[in-house]
Amino acid sequence: MLGEEQFRGIQIYNIIQDKSSDYWFATNNGIYHFDYYNYTKVACEKSKSNSFFNFVIDSDGTIYCHNLNNQIFQIRDKKCTLFHELTKDEGASDISLAITEEDKLIIGAKQILILNKNGSIANRYDPVSYLGPAFITNERAIQYHLSGTDSVLTYSKNKFSKHKLNIPLTIFQFDFIFKFFRVENRYYAIDLTSKSVYNYNPENFTMQAVTGNELFSRSESVRIYETGNEIWVAGTLPGIFKLNIDFAVTNNTIYYPDYFISDVYKDREGNILLCTFDKGILVIPDLNMPDVISTFSGDPVSSLYADDDLGLILGSSEGKLMSYSKGLLTTISDKGKRPVEKIYGFPGSELILFDDGQIRAYNKSTNEMAVVTGGSLKDVAFITGHLFYVGTNSGIAKCRWESGKTFSTEKLAELDYRIYALEFNNSDKLLYAATSNGLYCIDSTGANRPIIYQGESIYPNDLFYDNGKIYVCDKWNGILVLEKGMVRTTIQPIVNGKVVALTKMIIHNEMILAKSADGFYEFDLNGKLIMDIPALFGFSSKRAIDFTFDKTRLWVSHTGGVQQIDLNYLQHKKVVPGIQIKKIFVNEEERSLTEKGNFTSEQRKIKFVLYSGGLRNRELLHYYYKLEGYDADWNSNNLESNEIMYNALAPGNYTLLVKAEKQGVFSDIVSYSFSIAKPFYARWWFIAASIILFLLIVIFVYKTQLNIQRKKSQQLQELNASRLTAIQSQMNPHFIFNALNSIQDLVLKGDVENSYSYITKFSNLVRRTLNYSEKDFIDFEQEIKLLELYLSLEKLRFKKDFVYTIEAHNVADIQVPPLLIQPFIENALIHGLLHKEGMRNLKITLELKDFLICIIEDNGIGREKAKAIKQRQKPEHESFSGKAIHRRFEILGNLLDGNFGYRYEDMTENGIPSGTKVILRIPVKHKF
């Protein structure tokens, strides 16, 4: 089917090929162009309607057509323009177009007009009578029957002439309308009114009655199409039939009874194209290839089985069981309640097993039906004609046909799994079962064991027995070959470079026929793809449902019907594919292929569009290409990937080589040579200018870097200055004064031990502070030790009313700038906790992310009260310099390229200030 999606809901009236073998379609929705890859609707300016009819083409490839508004259109260079508009005196409801021997357009309507190439009228004729369809003889003379008369009007050698038909008056009636047609070199005429057929001699205008065919009268009106040796007859009813040269029906079947056929066209490849209303174009690649026996459109066939006695057995989606033999389709059973998914038989057996809602057996001898067992049938493995295993959705039953309608069954224990496939190996006498729990082999006693491959259970889609081996269609490993319950080897069926998961397979004539979820193939016994069967036999757009072999014939059920296939037929039909480089784009602008391929240095983006005409077996066509000067090896694309793109080619000389391959047959190599010039920057003056510019840039960069280094040095000096400021501010006079007072108090009380300990801690703190102030970063543990020293001294001053905690969550192996945290702790102690009554709590939490987060929380009086107290004190009693700390954070942010700093948050409880929280973002260095 061609254009099924593109022309859904559209009526196709006519089809033609241009000189490039592209297709043009005249429809009720305008004119469409198809280049084997894309469908394009072609606009026809000034058209008064969307329906177009009657394509004709002249010797230079110009196509003409018309609409129902007496407008004649010309298609040239893929553009449609108005060519001529008939006047009221010239036009008619029926218009015929033809090309004269002088390559002029002749229009048959109320008047006959001969138009020159420029659209001017070269000649005209008023026939008075209604014209029959135009007919062109072998000598290029154009003839019209003047309906209602016994005359024929002929146009030849720029002249009109009228001739009387030599026909017996006994068969002539004045309401005749003759259509003349030719089959090979024989001429005929059919009366479109009575459907009578005559031999016709266009030279002496003699007519002689011949025996017609009753199918001509199938519908009220008749349309005849010639395709060489065949005559196609369509009418107002759906479907079409084909006659041979003697008007004998080639078979008794009307083709495509579900389609209204509106045109028949034989293309240059020999395909027969049938235009339809609403359903695209039917393509018949070869009339000698067997077609579907029936579409079964109302009840698709879901299963097939070839029987020696009954012929082809078919199971339908609505539960019917049918047989097809010698062209006759017979219904065996129509009582089913669900689709017949599988049909089973055995050579020499009288039984046909199937499931149409019950697992039943059909006796071919008595035509009787019998219920075999319960459950849902999944597979059958015959041992003899009377003994077989039945796999169901709940296990396996061993069944024996006793006689008549009597069957004895015995369920196999321990295998109550859902069964997917069964197969009996007559060589090792083992039954193989694909279950929902894996693959098992079962001996004659019923004992079973699982079959393992590479340490894993096997979950097959299908099993097949051949010549002592079981072939397992595995979901992941291709085909596993089993002998005596062991995997001996594997076969990997490859399609498009990938192993396909097969759902059914058989072996025939040392070849594997297999179906996957989306394909149907023939492989050799090594897994090499031999043919894509749907592509070769004309049903590539249909999904294969089931298949079977009837002796030498392959039967396939697909979504288009049931089709018979001769696998040897196409072995003699291998044709050398054609290929051409159709277009070239340089920097996305199309260039003529006839121009020399000399491109500038800026024209480095090159795209080639390949073309291979023909509708047959397009899925099997592959392109091979190699750009000499760029590609080392041949590349391959499928048919749909017909564009080759090179985005940035270097200057140089190149030659593109392309060839096409179909079924191992290659076309001749087609080539295109081109060159890309060297860019301006390869010239000496540009190189010299580049060197000078480079030196200038180096000087500029050097000066810029020097300025950056100076700025960094200045920042470091400011950092050191801020560090000194921080050092001076850290040793707050309040802290020193209070520390010394505490020491004096301890000495006066005679507490020598505590005073000594206090002095030791105080000196240690001062020493560490001075030592760390010389460093940019210190270990995190050293910073924590410094804080603990400081807080232990402060605790001595606050006595028992002060409690502090330091929590570090998974913080390790880092370094931090020294003396950044202590000023904020001191601030919390002096301004938040010093003036608080009762228990004073201080909590320090540290967490490592991309930087160190330090949270200091106190339950002091809050910032508002602290501010009020501070205003009553002298300004020189500030705990530390806020400006110095803020500046230090700015410098660290610039040096380390980070967002570092701090912010304060007021904590409240029931609207009353309950403390202050400060959150610090501190840079870190990782030690490892």
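Source: prediction; values computed, not measured.

## Notes on the overall build of the protein chain
Of regular secondary structure, the protein chain possesses eight helices and 76 strands. For the protein chain, whose C-alpha radius of gyration is 47 Å, the value lies well above the compact-globule estimate of 30 Å for 928 residues. Each principal axis of the C-alpha atoms in the protein chain carries an extent, and together these give about 155 × 90 × 60 Å. The contacts of the protein chain with a sequence gap of at least 6 include a subset with a gap of at least 24, amounting to 49%.

## Things to note about the sheet that holds strand S21 (residues 222-226)
The strand order S21-S22-S23 describes an open sheet built from three strands, whose pairing is antiparallel. Since the sheet does not close on itself, it has two edges, and those belong to S21 and strand S23 (241-243), each with one partner. Shown here is a sheet whose adjacent strand axes are inclined to one another by a mean of 30 degrees, direction ignored. As judged from the three bridges shared by strand S22 (residues 231-235) and S23, these two strands associate in the antiparallel manner. If you follow Val233 over to S23, its bridge partner there is Phe241.

## A few points about the sheet that holds strand S48 (residues 478-483)
Pairing between the strands of a sheet comes from backbone hydrogen bonds, and it takes one of two forms, parallel or antiparallel. The four strands are arranged S46-S47-S48-S49 in an open sheet whose pairing can be described as antiparallel. Because the sheet does not close on itself, it has two edges, and the strands there are strand S46 (460-466) and strand S49 (486-491). Taken pair by pair, the neighbouring strands of this sheet meet at an average axis angle of 25 degrees, ignoring direction.

## With respect to the pattern of salt bridges
Side chains bearing opposite charge may pair, as long as their charged atoms lie close to each other. Counted according to the given criterion, the structure contains 21 salt bridges. Its salt-bridge partner being Glu5, residue Arg8 comes within 3.0 Å of it at the nearest N-O pair. A salt bridge links Asp60 to Lys117; the nearest nitrogen and oxygen atoms lie 3.4 Å apart. With Asp60 in the loop between strand S5 (53-57) and strand S6 (63-66) and Lys117 in the loop between strand S11 (112-115) and strand S12 (121-125), the pair connects residues that are 57 residues apart, well separated along the chain. Connected through shared salt-bridge partners, Asp58, Asp60, Asp103 and Lys117 make up one network.

## Remarks on the packing of helix H5 (residues 780-798) against helix H6 (residues 822-833)
If you want to describe how two helices pack, look at the angle between their axes and the distance between the axes. Their axes nearest at 10 Å, the elements H5 and H6 cross at an angle of 15 degrees. Taken together, the axes of H5 and H6 are roughly parallel relative to one another. For H5 against H6, the interelement crossing comes out right-handed. Counting all contacts with H5, which are made through Leu787, Tyr790, Leu791, Glu794 and Phe798, the residues of H6 involved are Gln822, Ile825, Glu826, Leu829 and Leu833. Taken together, the residues of the contact of H5 with H6 sort by class into seven nonpolar, one polar and two charged.

## Notes on a nonpolar patch on the surface
A surface patch of nonpolar side chains, amounting to about 690 Å² of accessible area, comprises Ile692, Leu693, Leu696, Ile697, Ile699, Phe700 and Val701. For Phe700, a relative accessible area of 58% translates into the label exposed.

## Brief notes about the nonpolar core
Among the nonpolar cores identified, the biggest contains 54 residues, and Phe25, Ile31, Phe55, Phe608 and Phe674 are the most heavily contacted of them. When neighbours within four sequence positions are excluded, Phe608 is seen to be in contact with Ile581, Lys583, Ile584, Asn642, Glu643, Ile644, Tyr646, Leu656, Tyr672 and Phe674. Grouped together as the second largest cluster of nonpolar side chains are 44 residues, Ile743, Leu819, Ile821 and Ile922 included.

## A closer look at the state of the cysteines
A complete count under the given rule lists one disulfide for this structure. A sulfur-sulfur distance of 2.3 Å marks the disulfide that ties Cys44 to Cys80. Every disulfide takes its handedness from the sign of the S-S torsion; for Cys44 and Cys80 that torsion is 105 degrees, giving right-handed. Here the residue Cys44 occupies a position in the loop between strand S4 (39-42) and S5, and Cys80 occupies one in strand S8 (residues 79-85), the gap between them amounting to 36 residues. Among the residues examined, Cys44 registers a relative accessible area of 15% and is labelled buried. Between Cys441, a cysteine without a disulfide, and Cys473, which holds the nearest cysteine sulfur, the sulfur-to-sulfur distance is 18 Å. According to the relative accessible area criterion, Cys441 is buried, its value standing at 4%.

## Quick word on H6
Among the twelve residues that make up H6, twelve are buried, leaving the element largely enclosed by the rest of the structure. By the burial criterion, the buried members of H6 are Gln822, Pro823, Phe824, Ile825, Glu826, Asn827, Ala828, Leu829, Ile830, His831, Gly832 and Leu833.

## Focus: unusual backbone geometry
If you check the backbone angles, Asp77 has positive phi at about 55 degrees while not being a glycine. Residue placement: Asp77 occurs in the loop between strand S7 (71-76) and S8. Phi is positive for Gln454, close to 55 degrees, though the residue is something other than glycine. Structurally, Gln454 can be placed in the loop between strand S44 (452-453) and strand S45 (456-457). Taking relative accessible area as the criterion, Gln454 reaches 64% and is therefore assigned exposed.

## Examining the packing of helix H4 (residues 752-772) against H5
Look at H4 against H5: their axes get within 10 Å of each other, and the N-to-C directions meet at 145 degrees. Seen from above, H4 lies across H5 with left-handed handedness. Contact with H4, carried on its side by Tyr758, Lys761, Phe762, Asn764, Leu765, Arg768, Thr769 and Tyr772, involves Gln782, Lys785, Leu786, Leu789, Tyr790, Ser792, Leu793 and Leu796 of H5 and no other residues of that element. Residue classes in the contact of H4 with H5 are distributed as nine nonpolar, four polar and three charged.

## Thoughts on the pairing of strand S39 (residues 406-411)
Taken together, the six bridges between strand S38 (residues 395-403) and S39 define a ladder with antiparallel strand orientation. Bridge assignment links Lys398 to a residue of S39, and that residue is Glu410. Between the antiparallel neighbours S38 and S39 lie two residues, among them Gly404 with a positive phi of about 55 degrees.

## Here we look at the packing of aromatic side chains
How two aromatic rings sit relative to each other is set out by the distance from centre to centre and by the angle between their planes. For the structure on display, the rule yields 43 aromatic pairs. Judged by centre distance (5.5 Å) and plane angle (20 degrees), the ring pair of Phe346 and Phe382 falls under stacked. Within this pair, whereas Phe346 is found in the loop between strand S32 (343-344) and strand S33 (351-355), its partner Phe382 is found in strand S36 (residues 377-382), the two being separated by 36 residues in sequence. With a centroid separation of 5.2 Å and an interplanar angle of 50 degrees, the aromatic rings of Phe382 and Phe388 are classed as tilted. By relative accessible area, which is 10% here, Phe382 ends up buried. Exposure remark for Phe388: the relative accessible area of 0% places this residue in the buried category. Members of the aromatic cluster, connected to one another through ring pairs, are Phe7, Tyr23, Phe25, Tyr32, Phe34, Tyr36, Tyr39 and Tyr611. In this structure, Lys504 is placed above the aromatic ring of Phe547, and the distance from its NZ or CZ to the ring centre is 4.8 Å. A cation over an aromatic ring shows up here: Lys607 above the ring of Phe585, its NZ or CZ 4.8 Å from the ring centre.

## Considering the pairing of strand S24 (residues 261-266)
With respect to burial, S24 is a largely interior element, five of its six residues being buried. Where S24 meets strand S25 (residues 272-279), five bridges bridge the pair, whose relative direction is antiparallel. What sits directly across from Val264, in S25, is Leu274. The antiparallel pairing of S24 with S25 creates a hairpin that spans five residues between the two strands, and Gly270 there sits at a positive phi of about 95 degrees.

## Concerning the confidence of the model for the protein chain
For the protein chain, per-residue confidence averages 87 on the pLDDT scale, and 93% of positions sit at 70 or higher. Averaged pLDDT values over the elements of the protein chain bottom out at 67 in helix H3 (residues 733-748) and peak at 97 in strand S2 (residues 23-27).

## Points about the environment of Val390
Relative to the helices and strands, Val390 is located in strand S37 (residues 387-392). Overall, the relative accessible area of 0% leaves Val390 in the buried class. Beyond its immediate stretch of four places on either side in the chain, Val390 contacts Leu353, Ile359, Thr373, Leu377, Asp379, Val380, Gly395, Ile396, Ala397, Cys399 and Leu422.

## Some details on the environment of Gly915
Structurally, the position occupied by Gly915 is in strand S75 (residues 912-922). Sequence separation between Gly915 and Glu905 is ten residues; the distance between their C-alpha atoms is 9.0 Å.

## A short note on H5
Across its 19 residues, H5 extends 27 Å between first and last C-alpha, which sits within 8% of the 27 Å expected from 1.5 Å per residue. Taken together, the buried positions of H5 are Phe780, Glu783, Ile784, Leu786, Leu787, Leu789, Tyr790, Leu791, Ser792, Leu793, Glu794 and Phe798. Looking one or two residues past H5, Lys799 carries a phi angle of roughly 65 degrees, positive in sign.

Cut-offs applied
Residues numbered from 1 in each chain as written. Predicted model: local features only at pLDDT ≥ 70, side-chain atom pairs only at ≥ 80, totals over all residues. Heavy atoms only, no water. Helix = DSSP H or I, 4+ residues; strand = E, 2+ residues; numbered from the N terminus. Rg over C-alpha atoms; globule rule 2.2 N^0.38 Å. Contact = heavy atoms within 4.5 Å. Pairing = 2+ DSSP bridges. Axes fitted to C-alpha atoms, helices over the stretch in contact; angles between N-to-C directions. Salt bridge = Lys/Arg side-chain N within 4 Å of Asp/Glu carboxyl O. Parallel < 35°, antiparallel > 145°, perpendicular 65-115°, else oblique. Left-handed = near helix turned anticlockwise from the far one by under 90°. Nonpolar A, V, L, I, M, F, W, Y, C, P; charged D, E, K, R; others polar. Patch = residues over 30% accessible without salt bridge, like charges linked within 9 Å, V, L, I, M, F, W, Y side chains within 5 Å. Areas by Shrake-Rupley, 256 points an atom, 1.4 Å probe, with all protein chains shown as cover. Buried < 20%, exposed > 50% of the residue type's maximum accessible area, 1.4 Å probe, protein only. Core = buried A, V, L, I, M, F, W, Y, C linked by side-chain atoms within 4.5 Å. Disulfide = S-S within 2.5 Å. Phe/Tyr/Trp six-rings, centres within 6.5 Å; stacked < 30°, edge-to-face > 60°. Lys NZ or Arg CZ within 6 Å of the ring centre and 35° of its normal. pLDDT = per-residue confidence, 0-100. Expected span 1.5 Å × (residues − 1).

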